[in-house]
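Read off the chains here:
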Amino acid sequence: MKKGILIVFILFYAFSSFSQNELVSIAEKSNYESTANYNDVMQFVKQLKKASKFVGVENIGFTHENKQIPLLIISNPLPKSPEDLKNDKRIVYYIQANIHAGEVEGKEAALMFARDILKPQYTELLKNVVILIVPNLNADGNEKISVQNRTNQNGPKNGVGLRHNSLFLDLNRDAMKLETNELRAVITNVINRWNPHLTLDCHTTNGVYRQEPVTFTWMNNPNGNRNLINYMRDDLMPKVSKHLTEQYKIENCFYGEFNDMQYPDSGYVSYASEARYFVNYLGVRNRLAVLDENYVYADYKSRVLGNYALMFSLLEMAVKDAETIKNNIKKADEQTLNIGLNPQPTDLFATTYIGKPTPEKILVRTYEVEPYTDENGRRRMKKTDIKKDVWVDYVADYFADKSTAYPFAYLLTISDSKILDNLKTHGIVLEKLTEKQSFEVEEFNFTELKPESRINQGHYLTIAKGNFKTINKEFEKDTYLIRTSQKLGNLIVYLLEPQADDGLLLWNFFDKYLVPQWGNYFYPYPVYKILKTTEIKSK
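Residues numbered from 1 in each chain as written. Predicted model: local features only at pLDDT ≥ 70, side-chain atom pairs only at ≥ 80, totals over all residues. Heavy atoms only, no water.

**Concerning the side chain of N508**
Relative to the elements of secondary structure, N508 occurs in the loop between α13 (489–496) and β20 (527–530). The buried category is assigned to N508, whose relative accessible area is 17%. At 2.7 Å, the side chain of N508 and the side chain of H459 are in polar contact. Setting aside anything within four residues of it in sequence, one finds N508 in contact with H459, Y460, L461 and T462. (Helix = DSSP H or I, 4+ residues; strand = E, 2+ residues; numbered from the N terminus. Buried < 20%, exposed > 50% of the residue type's maximum accessible area, 1.4 Å probe, protein only. Polar contact = N/O pair within 3.5 Å; in protein donor to acceptor, adjacent residues only side chain to side chain. Contact = heavy atoms within 4.5 Å.)

**Digging into the pattern of salt bridges**
Within the structure shown, the criterion is met by 36 salt bridges. In this structure, the salt-bridge partner of R163 is D170, at a minimum N-O distance of 3.2 Å. Overall, the relative accessible area of 31% leaves R163 in the partly exposed class. For D170, a relative accessible area of 7% corresponds to the buried category. The residue D333 makes a salt bridge to R287 at a minimum N-O spacing of 3.1 Å. (Salt bridge = Lys/Arg side-chain N within 4 Å of Asp/Glu carboxyl O.)

**Focus: the packing of helix α4 (residues 105–116) against helix α10 (residues 300–320)**
Direction vectors running N to C along α4 and α10 enclose 50 degrees, while the axes themselves pass 8 Å from each other. When the axis of α4 is compared with that of α10, the two are oblique. Two packed elements cross with a definite hand, and for α4 against α10 that hand is right-handed. Counting all contacts with α4, which are made through E105, G106, E108, A109, A110, M112, F113 and D116, the residues of α10 involved are Y300, R303, V304, L305, N307, Y308, M311, F312 and L315. The class makeup of the residues in the contact of α4 with α10 is 11 nonpolar, two polar and four charged. (Axes fitted to C-alpha atoms, helices over the stretch in contact; angles between N-to-C directions. Parallel < 35°, antiparallel > 145°, perpendicular 65-115°, else oblique. Left-handed = near helix turned anticlockwise from the far one by under 90°. Nonpolar A, V, L, I, M, F, W, Y, C, P; charged D, E, K, R; others polar.)

**Here's the deal with the pairing of strand β13 (residues 379–392)**
Of the strand pairs in this sheet, strand β12 (residues 362–373) and β13 are connected by 11 bridges, and their pairing is antiparallel. Note that in β13 the partner of V364 across the bridge is V390. Remark: five residues form the turn of the hairpin made by β12 and β13, two consecutive strands paired antiparallel; G377 in that turn has positive phi of roughly 80 degrees. (Pairing = 2+ DSSP bridges.)

**Description of the nonpolar core**
Grouped together as the largest cluster of nonpolar side chains are 154 residues, with contacts concentrated most on Y93, F113, I117, I131, M232, M237 and F510. The element best represented in this core is α10, accounting for 12 residues. Those residues in contact with F113 that sit more than four places away from it in its chain are Y93, I95, I131, I133, Y308, M311, F312 and L315. (Core = buried A, V, L, I, M, F, W, Y, C linked by side-chain atoms within 4.5 Å.)

**Let's talk about the sheet that holds strand β2 (residues 68–74)**
The strand order across the open sheet formed by eight strands is β1-β2-β4-β3-β5-β10-β6-β7, and the pairing between neighbours is mixed. Looking at the sheet topology across the chains shown, the edges are occupied by β1 (55–62) and β7 (252–254). Across this sheet, the average inter-strand angle for adjacent strands is 20 degrees, counted without regard to direction. Strand direction decides the pairing type here: strand β6 (residues 214–218) and β7, joined by three bridges, are parallel. For F216, the partnering residue across the bridge sits in β7 and is F254. α4 rests against β2, β3 (91–96), β4 (129–134), β5 (198–204) and β10 (288–294) of the sheet, and its axis sits at about 145 degrees to β4.

Any functional reading would require information beyond the geometric quantities listed.
Right under this line is the structure:
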């Protein structure tokens, strides 16, 4: 062997040994008995960046306990910034893990995926994608690892972290109100900055019995783009499911809960459709998003490896479909911009909605169960060893039950720093009137305001009833104007509609502006709708 070739061989072997001996996840190192803490994750990220020129790291922000939230950026070539991706053929694929720090397999799988995507067999794949990974979003909750957390979960035996962050808030309920450092960091420095086409958000299920270790579904809020929803339902997700089964030998099905576990063929529901959930929030923004829910009763190793395989399957199918994905998103953005420019009476926003079955029944492999009553008198189900395969209606398509008109613009008559900050953090463009002007507007007048009876994420949610009235109103110079002809037009309407099921009114942002100090009447809602295309002097 020539001396030069020998040196290259020795260097390659040394690098391979480094990768195998050092870049090992805590799950692998512990024989799938433990999960990584904050320092473990930070060290892995540091070593991975050092090991490859195709890996970059950005700190997207800090948790409430001042821990860094690292973002891995992996591609060949590695973009220096999002500006490098203009007119780039690559898709941007974002993986988010540990939003609930008791659901840890996504964190372990994401680190393993980040390491392995750099191997020689993926050289060509890595040229066609920019991968973004936040492996440990809820770092504060992750540091509270204990065997007392999620005791119903099948491993890891040495414990997991907490669901909530250090403020006792659920990060996967914060996408609209943006009260946590963690979600604000993601929206500002991942979603707005890198604008991923496709996102995978990793979780673990909380109950229903099934045989498949991996389940997943897609964004389903009806105020997102229907063509994008249908593309996920009819095209990309079935491809991913098939690929995951055939290529990786991982049993999987679409995620849901049975209407009645004792009678599983009664129906199967993907129930979390509100925009507060991160995946649905991205759908409202006209982006593709997948909710991964790994089966809580599968062993820890199976959950990690199943999640790992899903990351690859989704990537491989998305790269094959990259042109279609980018075209579909472009059309969705154009449609949103055009609706905002000239809204028609048929352009509606769903304030309430109902779930309906998808066009095709799906196969779910479950178990027969036996009912019993627990010590608190509640009816429970106990799994038997009898396996049962069922073809069920999959309730995952949501359509409007009640709707309101989609406007040309909103006028905000209060200058509230918290409201303005929320809108700007989402990436919404605000203007101001340059002079006093009069417009025909829709004014919302309340007939009833009351809080929900149970506190939710630190809020007694505001339940509003009332009616719109068409009036002519004069607005002062510097009144805030929010046009809906923006790519985030659907999100704008969601946040500002008074009867939206996840808007700022619901989350108490407007409470102090709705009633007088004395008296039993209500002020009008301080957000006015301009329905028709109107000339407005603003800047």
